[in-house]
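Descriptive analysis of the structure
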Amino acid sequence: MTTPIDRVTATPAALDFIGELRRRHGPLMFFQSGGCCDGSAPMCYAAGEFNLSDTDVYLGNLDGAPFYIGLEQFGYWEHTQLIIDVVAGNGGMFSLDNGTGRRFLTRSRLFSDEENTVLQAQAPGRHAG
């Protein structure tokens, strides 16, 4: 049996920040923005405060918070592991990190050929509704 490969992960600093936001706002969720006003920032919301579409792709959890990405954006990044970090700055306009003096940032790395082979059998989840 092959160990599953995480499509999204977080740095220790990001995990600490997620814990802070959870204590302040309750359960959380993330959506990887695909551009426009907030660039390609990972957006953090109170659970259920962002309407997912039937085509949004579930990538995994960050400390219990589900992380989604739009299908088209996933097509661009499917061979890349998303690494969520936190840096100084202003968060996205509607993201819970806004106004904290810190913001989430997506870093990435390409999966190896071996990881891509495993990922082909480990299809990402679709939002069920």
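The numbering scheme is per chain: residues are counted from 1 as the chain's sequence reads. Confidence filtering applies because this is a predicted model: local features only for residues at pLDDT of at least 70, side-chain atom pairs given and counted only at 80 or more, and all residues used for totals across whole chains, interfaces and linings. No hydrogens and no water enter the side-chain calculation; it runs on all heavy atoms of the structure.

1. Re the packing of aromatic side chains
As a reminder, the rule being used: Only centres within 6.5 Å qualify two rings of Phe, Tyr or Trp (six-membered ring in Trp) as a pair; their planes then separate them into stacked at under 30 degrees, edge-to-face at over 60, and tilted for everything else.
One pass over the full model with this rule turns up six aromatic pairs. Considering the side-chain rings of Tyr 45 and Phe 50, the 5.0 Å spacing of their centres and the 25° angle between planes classify their relative orientation as stacked. Connected via pairs of aromatic rings, a cluster forms that spans Phe 17, Phe 30, Phe 67 and Phe 104.

2. Notes on helix α1 (residues 12-25)
Spelled out, the test is: Per the convention used, a helix needs a DSSP run of H or I reaching at least four residues, while a strand needs a run of E reaching at least two, with both numbered from the N terminus. One less than the residue count of a helix, multiplied by 1.5 Å, gives the span that helix is expected to have. Partly exposed describes any residue whose relative accessible area lies between the buried limit of under 20% and the exposed limit of over 50%, with all areas from a 1.4 Å probe on protein chains only and scaled to the type maximum. By the convention used here, residues are in contact when the closest approach between their heavy atoms is within 4.5 Å.
Here α1 is 14 residues long and its end C-alpha atoms lie 20 Å apart, about the 20 Å a rise of 1.5 Å per residue gives. Those residues of α1 lying buried are Ala 14, Phe 17, Ile 18, Gly 19 and Leu 21. Each element contacted by the buried residues of α1 is listed here: β1 (8-10), β2 (28-32), β3 (42-46), β4 (57-62), β6 (80-88) and β7 (102-110). Note on α1: the residue one or two positions beyond its end, Gly 26, has a positive phi of about 85°.

3. A word on the nonpolar core
What counts here: Note on terminology: a nonpolar core comprises buried Ala, Val, Leu, Ile, Met, Phe, Trp, Tyr and Cys residues joined through side-chain atoms within 4.5 Å.
Counting residues in each nonpolar core, the largest one holds 21 residues, and the members touching the most others are Phe 30, Leu 59, Leu 62, Phe 67 and Phe 104. Breaking this core down by element, the ones donating at least two residues are β1, α1, β2, β4, β5 (65-69) and β6. Broken down by element, this core gets its largest block of residues, four residues, from α1. Setting aside its immediate chain neighbours within four residues, Phe 30 contacts Ile 18, Met 43, Cys 44, Leu 62, Ala 65, Pro 66, Phe 67, Tyr 68 and Phe 104. In terms of nonpolar packing, the next biggest core, distinct from the first, is built from seven residues, Phe 31, Ala 41, Tyr 45 and Leu 52 among them.

4. Let's talk about the pattern of salt bridges
Operational definition: A side-chain nitrogen of Lys or Arg and a carboxyl oxygen of Asp or Glu constitute a salt bridge if their distance falls within 4 Å.
Within this structure, the stated rule accounts for five salt bridges. Arg 22 is paired through a salt bridge with Asp 63; the nearest N and O atoms lie 3.1 Å apart. Linking Arg 22 in helix α1 with Asp 63 in the loop between β4 and β5, this pair joins segments that are 41 residues apart in sequence. Residue classification places Arg 22 among the partly exposed positions, given a relative accessible area of 27%. Residue Asp 85 is joined to Arg 107 by a salt bridge in which the shortest nitrogen-to-oxygen separation is 2.8 Å. Of this pair, Asp 85 sits in strand β6 while Arg 107 sits in strand β7, and the two are 22 residues apart along the sequence. Overall, the relative accessible area of 12% leaves Asp 85 in the buried class. Overall, the relative accessible area of 40% leaves Arg 107 in the partly exposed class. Here the salt bridges share partners, and the residues they tie into one network are Glu 20, Arg 24 and Arg 102.

5. Focus: helix α3 (residues 113-121)
Put simply, the test is: Summarising the geometry, the arc corresponds to the directions from the helix axis toward the C-beta atoms.
Considered for burial, the residues of α3 that qualify are Glu 115, Asn 116 and Leu 119. The arc that holds every buried residue of α3, seen down its axis, measures 100°, which confines them to one face. Away from its buried face by more than 90 degrees, α3 exposes Asp 113, Glu 114, Thr 117, Gln 120 and Ala 121. In this fold, the buried residues of α3 make contact with β7.

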